[in-house]
Amino acid sequence: MNVKIEESWRQALQSEFDKPYFAGLVSYLHAEKEKGQTIYPPGSRIFRAFELTPVQNVKVVILGQDPYHNPGQAMGLSFSVPDGMPAPPSLVNIYKEIESDLGIRMGRTYNLEPWARQGVLLLNSILTVRAGQAASHERIGWEEFTDAVIKYISDNCDGVVFMLWGNYAKGKAPLIDARKHLVLQAAHPSPLARGAFFGCRHFSKANNFLTFKGKTPVNWQL
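Residues numbered from 1 in each chain as written. Predicted model: local features only at pLDDT ≥ 70, side-chain atom pairs only at ≥ 80, totals over all residues. Heavy atoms only, no water.

Before going further, it helps to examine helix α8 (residues 202-212). For α8, the set of buried residues is H202, F203, S204, A206, N207, F209 and L210. Backbone geometry just downstream of α8 places G214 in the positive-phi region, at approximately 80°. (Buried < 20%, exposed > 50% of the residue type's maximum accessible area, 1.4 Å probe, protein only. Helix = DSSP H or I, 4+ residues; strand = E, 2+ residues; numbered from the N terminus.)

Listed below in structure tokens is the structure:
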């Protein structure tokens, strides 16, 4: 199947695109549109995380669950919203943790593209959602695809930091070889976690690990 995705990822994942589940996933999305459903993010943005962070550039993986389902928010990057959009509550807490952890002041943009361009793969486990209906595209095939992404990175890259926040993301830990990568786990940054995310210090831990591996640390300040 010919999927429009960044070339290094297309080569890495070609075997997934050729599997029956992926054809079924594509058919499902076409059927949704034929029924008049609005799907987020727009089609050109579904693989945006891969476009901004080619395989060879991946240093950090931040795993989300599924895209924002309100108008104008989803942009193909986990936790990120486009310029001019108000901050989602989880991202507010992520910024608070960065400020506390690194002693820096974050700006008022909540577009995380600068992280992606530095090698932070902002990956949702589910890459699309029906407008206004959270988790509406669970179990249509995306999880199998993104599990393959995580497994590919684990098997073929070295010294990557995986940030797994909340029970859903933590469930992906068995896909990752912790002998060659740093797996950081914490509560979800959502306010529903009642502050349990705070104090995880994942951002300084990630940069210390990257430095140890001889890689350029991430400039988290936005």
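From this point, things continue past the structure.
This paragraph deals with the sheet that holds strand β3 (residues 120-124). Overall, parallel pairing links the four strands, which are arranged β3-β2-β5-β6 in an open sheet. The open sheet has two edge strands, β3 and β6 (182-186), and neither has a second partner. Pairwise comparison of adjacent strand axes, ignoring direction, gives a mean angle of 20° for this sheet. By the bridge criterion, four bridges tie strand β2 (residues 60-64) to strand β5 (residues 161-165) in an arrangement that is parallel. What sits directly across from V60, in β5, is V161. Contacts between α8 and the sheet are confined to β2, β5 and β6, with β5 contributing the most and set at about 165° to the helix. (Pairing = 2+ DSSP bridges. Axes fitted to C-alpha atoms, helices over the stretch in contact; angles between N-to-C directions. Contact = heavy atoms within 4.5 Å.)

In this section: the packing of helix α4 (residues 89-102) against α8. The interhelical angle for the contact between α4 and α8, taken along N-to-C directions, is 60°, at an axis separation of 8 Å. The angle between α4 and α8 places the two elements in the oblique class. In this structure, α4 contributes I94, E97, I98, D101 and L102 to the contact, and α8 contributes H202, F203 and S204. Taken together, the residues of the contact of α4 with α8 break down into four nonpolar, two polar and two charged. (Parallel < 35°, antiparallel > 145°, perpendicular 65-115°, else oblique. Nonpolar A, V, L, I, M, F, W, Y, C, P; charged D, E, K, R; others polar.)

Once that is clear, we can look at the side chain of S80. Structurally, S80 is set in the loop between β2 and α4. For S80, a relative accessible area of 0% puts it in the buried group.

Moving on to the environment of W9. Within the secondary structure, W9 is located in helix α1 (residues 7-17). Distance in space between the C-alpha atoms of W9 and F47 is 9.9 Å, their sequence separation being 38 residues.

Taken together, the buried positions of α1 are S8, W9, A12, L13, E16 and F17. Projection of α1 onto a plane perpendicular to its axis shows the buried side chains occupying an angular sector of 150°, all on one side. (Arc of directions from axis to C-beta.)

Right, let's get into the pattern of salt bridges. All chains considered together, the criterion is met by 14 salt bridges. A salt bridge links D147 to K172; the shortest N-O distance between them is 2.8 Å. Highlighted residues: D147 in helix α6 (residues 142-156) and K172 in the loop between α7 (166-170) and β6, separated in sequence by 25 residues. Note that D177 is salt-bridged to R179, the shortest N-O span being 2.9 Å. Residue R179 is classed as exposed on the basis of its relative accessible area, which comes to 79%. Counted as one network, the salt bridges with shared partners bring together R45, R48, E51, E113 and R117. (Salt bridge = Lys/Arg side-chain N within 4 Å of Asp/Glu carboxyl O.)

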